[in-house]
Every structure is written in C-alpha cells, then in structure tokens.
Amino acid sequence: MQRTIMHIDLDAFYAAVEQREHPEWMGKPVVVGADPKGGKGRGVVMTCSYEGRKFGIKSAMPISKAYRLCPTAIYTPPNFPLYTAASEAVMNILRSYSDKFEQVSIDEAFIDVTAKVSSGDKSEIEKFAAAIKNEIGEKEKLSCSIGIASNKLVAKIASDFKKPGGFTIVEPEKEKEFLSPLLVRKLIGVGEKTEAVLKGMGINTIGELAALPEDFLHKEFGKYGLYLHEAANGIDNSVVEENYEIKSINRNFTFEEDTKDEQLIFAAIDEMLEDAHNALAANNFCCRTVGIRVRFEDFETHTKEKTLSEATADINTIRKVAKQLLQPFFSDKRKLRQVGIRMAHLEQKSSSQKLVSEYFPD
Ligand code: TTP
Ligand code: MG
C-alpha cells in the first residue's frame, strides 16, 4: 500500500530557541556551544542560526574556528532544560496530527499520515503540512522544514532539501529520480568512512551508487551493501513507530560485607556499568546524565549526578563521571553498604548512527 510519511525537523533548533528567548538576537548570528574565550576557547559549536551559517559556521566545528569566521556573533552556552521543554511541546503538537508518530531526535520526528490524506493529492498534503508548520510557528515560535514521501528514508532527506522553512514533496515513483543527483553522504547510514570508500570507486552521487549491481555491493560491504543498494534506489519499508519509553537505567549493588575498599567498590561499579551500558546500547540510547547512589552502613543514603554537555553512549566517559562523583564519599569514616549507578536523560541516537551501528556492530 502506498504510504504518505512526513519528516519534520526544526530549523537551527537550539539557536532558534535562544533567539525566541532573546528577541534582540533575532536576525543575528547566534552560536550555541562552548565559550570561545576570544578565540582561545576549546570545545565545539552545537549549532548556529542561519544568519551565522552564512559565515561558514556549522555544528561540530571547533568554537575557535567559529570565532575566527565571525568574532561578532552572539556566543551562548546551551540551556538544555529550555530545549527539552520546547522539544516536548513540539512533539506533542506532532502527535496530535497522527497516532503513528516516531521521535527521532530532540528536534525531529516522523508521522505516518497515510490515513489522514488522500495519497497523491498534492494540494491536500501541502495543506496538512502547512497546518503543522503554522501550529509550531504560532504556539512555539519555531520554524521547521518538512519532507514528505512514500517512505521514511526519502522523507528525511526531503526535509533537509530546502532548509530553513522548506516543504519538499517527493511524489510516489519519483524517489529514485529525487535522490539521484544528491551526494551519497545524504543517505542515512553513510558516514565519512563509507563516503571515502565509495569515492575511491568513483561513486559520488546516490544515482551512481544505485547503478552499481547489488551483488557487487554485497561483496564489497556485506549486509550493509544490501542496505546501500536499497537506500540508493529509494526503497525503505521500515514503519513509523514510537519507541517505548525508558526514562532511566539504574543498577544497585549490595556488598556482602560493608566495605571501604575502593578497589572493591570500583569493581562493583564496573560490573554494573557493563550491564547498564548493554541495556543502553541495546535500545540505541545515549545518556546525558550520569548518577551514583551510595548507602552507608547506617543506611544513610546519598545520590549525586552530573549532566553532561552532550549525550554519550561511551562507557569510558560514563565510568569516569561515575568515579568522579563517588570520590568524595571515600573520605567519610563510614563503610558502604550499597552502591548504585544511574543513566538518565536518555536520548535515542540519531537514526544515521543507529543504522551504522546496526551494520557495523563495533
Ligand atoms: P540538527 O537538526 O542536526 O541541526 P539544527 O536543528 O541546529 O539545524 P538544521 O536542522 O536547521 O540544519 O540538530 C538539532 C540540534 O541538536 C541542534 O540545534 C543542536 C544539537 N546538535 C549538537 O549539539 N551537535 C551536533 O553536532 C548537531 C548536528 C546537533
Ligand atoms: Mg534541526
């Protein structure tokens, strides 16, 4: 059956929220990320308003480079509670347009509107998308781009096609034609490494990739090659479905005998971490908050947590934070009865990361 799927992605999300909160920043280059410290700052750009992108500033760029490109931009640290609240409000609006809803990241979601519009009726589909865009604009004062296609893969690429504020409809049967001139990197699951390998084969565009025999791709890339073949040909049968919600992952360990032995305590932490991290990875989550819980021999219980500037799924990073949080408790005279860890503020890794990890399990 012919499906109609929309992918909605907010424009310059963190920067747009900052502009909304500081109307005097409207129309100006706003960079959300690390402190540039007059060009000597370390850390990266999280995002930048479209006004700043004209100077060449982009997500993940060193903040020092952004500062060189535009020293007069407004530099601001991230305010996550604000973005989370804005994201939740937008997601609730989107959910009201279809019960087939899937949030992909903090600022993007799919909705399947097959049952809501007549397939192939372009003007009806456009009106539906315009209503969503207007409601997000009016209620949340945020701008979005919408891609519409017969599957998720093409809808996602389409939403990125005319940013900011774009609508792009890819009509059924036109998926291949639409993808053909685009660079392979636009495909979900194609990162820097695959792009370089394909370049070495003389393949730059999705159309060139689509023309390669399936067998050849299978031989070169294994199972991932089969995905590449389907994706390049605009085929994707995955369904829009909400991932069940896990709010946090918690593990606790009670010592056989109360202890102050740091080695023993760290070993317990390591064991729990491994287990909790497996749960994190199995659900394709990363976490932004790492917490610990200690219970002394007299049952007095303390919790401590740290929210990171960026969500992570890296076990070493999580371990380091957990151990730092635990350190002050060792100076207490009392022994520990129980120790626990917590991973919270879970976020789904972006779908491109998801696909890559599915095919390259490392
Ligand atoms: P994106 O949707 O990739 O970027 P964007 O919304 O800022 O810009 P646009 O969609 O118009 O191209 O990511 C959403 C938010 O995620 C972004 O506002 C900030 C955060 N983010 C990072 O913190 N680091 C990154 O490297 C990227 C790409 C995004
Ligand atoms: Mg966005």
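Bear in mind the structure is a predicted one, so any value in this text is a computation, not a measurement. (Residues numbered from 1 in each chain as written. Chains lettered and ligands numbered in written order. Predicted model: local features only at pLDDT ≥ 70, side-chain atom pairs only at ≥ 80, totals over all residues. Heavy atoms only, no water.)

Draft legend 1. Seen up close, the sheet that holds strand β4 (residues 74-76). Judged by pairing direction, the sheet is mixed, and its three strands sit side by side in the order β3-β2-β4 without closing on themselves. The open sheet has two edge strands with one neighbour each: β3 (45-48) and β4. The sheet shows a mean angle of 25° between the axes of neighbouring strands, direction not considered. Where strand β2 (residues 30-33) lies against β3, three bridges are found, and the strand directions are antiparallel. Its bridge partner lying in β3, Gly-33 is registered against Val-45. Against the sheet, helix α1 (residues 13-21) engages β2, β3 and β4, with an angle of about 120° to β2. (Pairing = 2+ DSSP bridges. Helix = DSSP H or I, 4+ residues; strand = E, 2+ residues; numbered from the N terminus. Axes fitted to C-alpha atoms, helices over the stretch in contact; angles between N-to-C directions. Contact = heavy atoms within 4.5 Å.)

Draft legend 2. Examining the site of ligand 1 more closely. The full set close to ligand 1 counts 14 residues, and Ala-12, Thr-47, Tyr-50, Arg-53 and Asp-107 are the nearest of them. Between ligand 1 and the protein, one listed contact pairs an oxygen atom with a side-chain N or O atom of Thr-47 at 2.5 Å. Take Lys-163: an N or O atom from its side chain is 3.1 Å from an oxygen atom of ligand 1. Among the secondary structure elements, those contributing two or more residues to the shell around ligand 1 are β1 (5-10), α1, β3 and α2 (50-53). Looking at the shell around ligand 1 residue by residue, the classes come out as seven nonpolar, two polar and five charged. Two domains each donate at least three residues to the shell around ligand 1, and these are domain 1 (5-12 + 81-172) and domain 2 (15-79). (Near = heavy atom within 4 Å. Polar contact = N/O pair within 3.5 Å; in protein donor to acceptor, adjacent residues only side chain to side chain. Nonpolar A, V, L, I, M, F, W, Y, C, P; charged D, E, K, R; others polar. Domains from an automatic or database assignment.)

Draft legend 3. Up close: the coordination of the magnesium ion (ligand 2). Looking at the metal site, the magnesium ion (ligand 2) is ligated by Asp-9 (OD), Leu-10 (O) and Asp-107 (OD), spaced 2.1 to 2.2 Å from it. Seen from the magnesium ion (ligand 2), its six donor atoms lie at angles of 77 to 178°, and the figure they make is octahedral. For the magnesium ion (ligand 2), the single-chain donor residues occur in sequence as D-L-x96-D. With Leu-10 in strand β1 and Asp-107 in the loop between β5 (101-105) and β6 (108-112), the pair connects residues that are 97 residues apart, well separated along the chain. The same class applies to Leu-10 and to Asp-107, which are both buried. (Donors = N, O, S within 2.8 Å, 3.2 Å for Na, K, Ca; no water. Tetrahedral: all angles 85-135°; square planar, octahedral: opposite > 155°, others 65-115°. Buried < 20%, exposed > 50% of the residue type's maximum accessible area, 1.4 Å probe, protein only.)

Draft legend 4. Broad picture of the domain arrangement of the chain. Here the domain parsing of the chain yields domain 1 (5-12 + 81-172), domain 2 (15-79), domain 3 (176-232) and domain 4 (244-357). The distance between the C-alpha centroids of domain 1 and domain 4 comes to 36 Å.

Draft legend 5. Spotlight on the side chain of Arg-3. The topology assignment puts Arg-3 in the segment before β1. The buried charged residue Arg-3 lacks any salt bridge partner; its closest oppositely charged side chain belongs to Asp-112, at an N-O distance of 4.8 Å. A distance of 3.1 Å separates the side chain of Arg-3 from the backbone oxygen of Asp-236, its partner in a polar contact. Polar contacts involving the side chain of Arg-3 include one to the main-chain carbonyl oxygen of Ser-238, which spans 2.9 Å. (Lys, Arg positive; Asp, Glu negative; His and termini not counted. Salt bridge = Lys/Arg side-chain N within 4 Å of Asp/Glu carboxyl O.)

Draft legend 6. How the structure looks around the packing of helix α12 (residues 262-282) against helix α13 (residues 315-326). Where α12 meets α13, the closest approach of the two axes is 10 Å, and the angle between their N-to-C directions is 140°. One finds that α12 runs oblique with respect to α13. In this structure, α12 meets α13 at a crossing whose hand is right-handed. Judged by residue contacts, Ile-265, Phe-266, Ile-269, Asp-270, Leu-273, Glu-274, His-277 and Leu-280 of α12 engage Ile-315, Ile-318, Arg-319, Lys-323 and Leu-326 from α13. (Parallel < 35°, antiparallel > 145°, perpendicular 65-115°, else oblique. Left-handed = near helix turned anticlockwise from the far one by under 90°.)

Draft legend 7. Summary view of the packing of α1 against helix α4 (residues 80-95). Closest axis-to-axis distance for the α1/α4 pair is 10 Å, and the angle between their directions is 100°. Between α1 and α4, the crossing angle belongs to the class labelled roughly perpendicular. For the pair formed by α1 and α4, the contact residues are Phe-13, Tyr-14, Val-17, Glu-18, Arg-20 and Glu-21 on the first element and Phe-80, Leu-82, Tyr-83, Ala-86 and Ser-87 on the second. Of the residues in the contact of α1 with α4, the class split is seven nonpolar, one polar and three charged.

Draft legend 8. Representation of the packing of aromatic side chains. Under the counting rule described, the total for this entry stands at 13 aromatic pairs. Measuring from ring centre to ring centre gives 6.1 Å for Phe-80 and Tyr-83, while their planes differ by 85°; the resulting arrangement is edge-to-face. Remark: Tyr-83 and Phe-80 occur in helix α4; sequence separation between them is three residues, near one turn of the helix. Here Phe-80 and Tyr-83 have matching classes, each one buried. Consider the rings of Tyr-224 and Tyr-227, whose centres lie 6.2 Å apart with planes at 20°: the pair is stacked. Here Tyr-227 and Tyr-224 lie together in helix α11 (residues 223-232), a separation of three residues that amounts to about one turn. By relative accessible area, Tyr-224 is classed as buried at 2%. An aromatic cluster of three or more residues is present, and its members are Phe-13, Tyr-14, Phe-80 and Tyr-83. Looking at Arg-53, its charged tip hangs above the ring of Tyr-50, at a distance of 4.1 Å from the centre. One residue, Arg-334, lies across the ring of Phe-296, its end atom 4.1 Å from the ring centre. (Phe/Tyr/Trp six-rings, centres within 6.5 Å; stacked < 30°, edge-to-face > 60°. Lys NZ or Arg CZ within 6 Å of the ring centre and 35° of its normal.)

Draft legend 9. Examining the environment of Ala-66 more closely. Counting through the fold element by element, Ala-66 comes out in helix α3 (residues 63-69). A sequence separation of 131 residues divides Ala-66 from Val-197, and the C-alpha atoms of the two residues are 29 Å apart. If near-sequence neighbours (up to four positions away) are discounted, Ala-66 is found in contact with Val-45, Ile-57, Met-61 and Tyr-75.

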